[in-house]
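# Structural overview
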Amino acid sequence: MTRYILPLLTTALVSGLGAGTPVLAQNLFAPHVIVNGSAVTEWELAQRRQFLTLLRAPGDIAKQAENGLIEDRLRLDAAKQMGITASDEEVQQGMEEFAQRANFTADQFITQIESAGVDRTTFRDFVRAGVVWRAVIRQKYASTVVISDADIDRAVEAEKQAANVRVLLSELIMPVPPGQENQAMNAAEDIARRVEAGESFAEFARQYSATPSSANGGALEWMPLSNLPPGLQSVFMSLPPGGVTQPLQIPNAVALFQLRDRQETAPTKRPTEVEIARYPLPADNPTGAAAQINGRVDGCNDLYTQARRDGVAVQRETRAEAGLPAELSAVSGLDQNETAVVTVGGQPSLLMVCARRPITEKAVDRDAIRGQLLNQQLNARSAVYLSQLRDSALIRTP
């Protein structure tokens, strides 16, 4: 899961592939259902069932196949009305991206599914619907979703609060083909309800999860909460031990997590850097000279005025406190504007601490956080819009 995330196994696909023959039946090209005047044929339905079976999709395969094809028709219809099409190059890229999740090229993936009776056009149509739907959602909603600086600040703050917490999780990660997010979310919601009702999360993970942890029922080791994306950190801070998340859309997958335990850890001491100034002192009476200077200055900036009078140069630098040499070890016992007499390279000096601060952490990539929050909002709107399209569609059986 960490950054973040969670690799998908080739075996999730390969173990389901075997010798097969296309499903034979009468009237394969007869319409099974008609969506806004566009027919979904029996052949398409049989192909989608076989395809989902090879992907080891959880839940009712027959129902998912029918719903998926109906929703694909709605996606394509919405795209047509908005003048959106997918070029052959865009579809090919989508096929490559999907195949890469199982460590295949598109051609290798097609060879595998064809050996199990799934036609390559089934895969291509499957991807095409997802490609145009992403474009539909972007065009329809991207300009209306506003991610404010305050939204980003809250995500950053949540990440900071997670620094002293660790969690013990179990995961169930299901790969999602492009444009099939709604079906996957429905299957994941069903699993979540059944776990909340008392069924075993571990058993579902063993059966459906496509990650290495599936062999252990999805169980993961303790991990810092800060290792997780900001959007998930707040979820696990509010979830009670034993609780299960709602389905979460992550890149190319839907995830369910069970929080087995959560612990606060001792705050980690952050590394510091120290800004110091060294004022050269006479070798014959460094202690007396230091006392005189201390009586005339209040801080590091005052040393420069004194140095001009004495005709000497102040050396000022900022260094990691953990890496200071032994001759500057006196720094550890000094607060800001406090001094000590040290000898560096045979030269007595008045050492003053100008400032001490945490070492600057890696800069926050606010654009990346904005992109994550935007995708979350678009995914939510996508599900709502698809539901609206289905409610208003004319769907009938012949």
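Treat the numbers as computed from the prediction; the structure is a model and nothing was measured.

## As for the pairing of strand E2 (residues 38-41)
- Note: strand E1 (residues 31-35) against E2, 4 bridges, orientation antiparallel. For Val35, the partnering residue across the bridge sits in E2 and is Ser38.
- In sequence, E1 turns back onto E2 through a hairpin of 2 residues, with Asn36 there showing a positive phi of about 50 degrees.

## What to know about the packing of helix H8 (residues 181-196) against helix H9 (residues 201-208)
- Relative orientation of the contacting elements H8 and H9 amounts to 150 degrees, with a least axis distance of 9 Å. With respect to their mutual orientation, H8 and H9 come out roughly antiparallel. Mapping the contact onto sequence places Ile191, Arg194 and Val195 in H8 and Phe201, Phe204 and Tyr208 in H9.

## With respect to the side chain of Gln258
- Locating Gln258 in the fold gives a position in strand E6 (residues 253-264).
- Residues contacting Gln258, with those up to four places away along its chain left out, are Leu168, Leu169, Ser170, Val195, Phe201, Gly242, Gly243 and Val244.

## Description of the state of the cysteines
- If you walk through the whole model with that rule in mind, you get 1 disulfide.
- With a sulfur-sulfur separation of 2.0 Å, Cys300 is cross-linked through a disulfide to Cys354. Disulfide Cys300-Cys354: the torsion about the S-S bond is -95 degrees, which places it as left-handed. In this pair, Cys300 sits in helix H12 (residues 300-310) while Cys354 sits in strand E10 (residues 347-358), placing the two residues 54 residues apart along the sequence.

## What to know about the sheet that holds strand E8 (residues 315-320)
- The strand order across the open sheet built from 4 strands is E8-E7-E10-E9, with neighbouring strands paired in antiparallel fashion. With partners counted over all chains shown, the strands left at the sheet margins are E8 and strand E9 (339-344), one partner each. Averaged over all adjacent pairs, the angle separating strand axes in this sheet is 35 degrees, with direction ignored.
- Looking at chain direction, strand E7 (residues 272-280) and E8 are connected through 6 bridges and run antiparallel. For Ala277, the partnering residue across the bridge sits in E8 and is Arg316.
- Along the sheet, helix H11 (residues 286-296) contacts E7, E9 and E10; its crossing angle with E10, the most-contacted strand, is approximately 45 degrees.

## Some thoughts on the nonpolar core
- Counting residues in each nonpolar core, the largest one holds 51 residues, and the members touching the most others are Phe51, Phe109, Phe123, Trp133 and Tyr385.
- Looking at this core, the element that brings in the most residues is helix H6 (residues 120-141), giving 9 residues.
- When neighbours within four sequence positions are excluded, Trp133 is seen to be in contact with Arg75, Ala78, Ser382, Tyr385, Leu386 and Leu389.
- Counting residues in each nonpolar core, the second largest holds 17 residues, with Ile173, Leu232, Phe236 and Leu259 among its members.

## Regarding the sheet that holds strand E4 (residues 223-224)
- Spatially, the 4 strands line up as an open sheet ordered E4-E3-E6-E5, and their pairing is antiparallel. In the strand order of this sheet, the two ends are held by E4 and strand E5 (248-250), each with one partner.
- Two elements, strand E3 (residues 165-175) and E4, share 2 bridges in a ladder whose sense is antiparallel. Looking at the pairing, Val167 lines up with Met223 of E4.
- Docked against the sheet, H8 engages E3, E5 and E6, running at close to 40 degrees with respect to E6.

## Thoughts on the packing of helix H3 (residues 61-81) against H8
- Contact geometry for H3 and H8: axes closest at 9 Å, N-to-C directions at 145 degrees. You can see that H3 and H8 cross each other, and the crossing is right-handed. Residues Gln64, Asn67, Gly68, Glu71 and Arg75 of H3 form the contact with H8, whose own contacting residues are Asn182, Gln183 and Ala187.
- The residue inventory of the contact of H3 with H8, partitioned by class, reads 1 nonpolar, 5 polar and 2 charged.

## Regarding the packing of aromatic side chains
- For the coordinates displayed, the defined rule picks out 14 aromatic pairs.
- Relative to Phe123, the ring of Phe98 lies with its centre 5.6 Å away and its plane at 50 degrees, an arrangement referred to as tilted. Of this pair, Phe98 sits in helix H4 (residues 88-100) while Phe123 sits in helix H6, and the two are 25 residues apart along the sequence. The same class applies to Phe98 and to Phe123, which are both buried.
- Members of the aromatic cluster, joined through ring pairs, are Phe51, Phe98, Phe104, Phe109, Phe123 and Phe126.
- Cation over ring: Lys140 sits above Tyr385, and NZ or CZ is 4.7 Å from the ring centre.

Procedures and definitions
- Residues numbered from 1 in each chain as written.
- Predicted model: local features only at pLDDT ≥ 70, side-chain atom pairs only at ≥ 80, totals over all residues.
- Heavy atoms only, no water.
- Pairing = 2+ DSSP bridges.
- Helix = DSSP H or I, 4+ residues; strand = E, 2+ residues; numbered from the N terminus.
- Axes fitted to C-alpha atoms, helices over the stretch in contact; angles between N-to-C directions.
- Parallel < 35°, antiparallel > 145°, perpendicular 65-115°, else oblique.
- Contact = heavy atoms within 4.5 Å.
- Disulfide = S-S within 2.5 Å.
- Core = buried A, V, L, I, M, F, W, Y, C linked by side-chain atoms within 4.5 Å.
- Buried < 20%, exposed > 50% of the residue type's maximum accessible area, 1.4 Å probe, protein only.
- Left-handed = near helix turned anticlockwise from the far one by under 90°.
- Nonpolar A, V, L, I, M, F, W, Y, C, P; charged D, E, K, R; others polar.
- Phe/Tyr/Trp six-rings, centres within 6.5 Å; stacked < 30°, edge-to-face > 60°.
- Lys NZ or Arg CZ within 6 Å of the ring centre and 35° of its normal.

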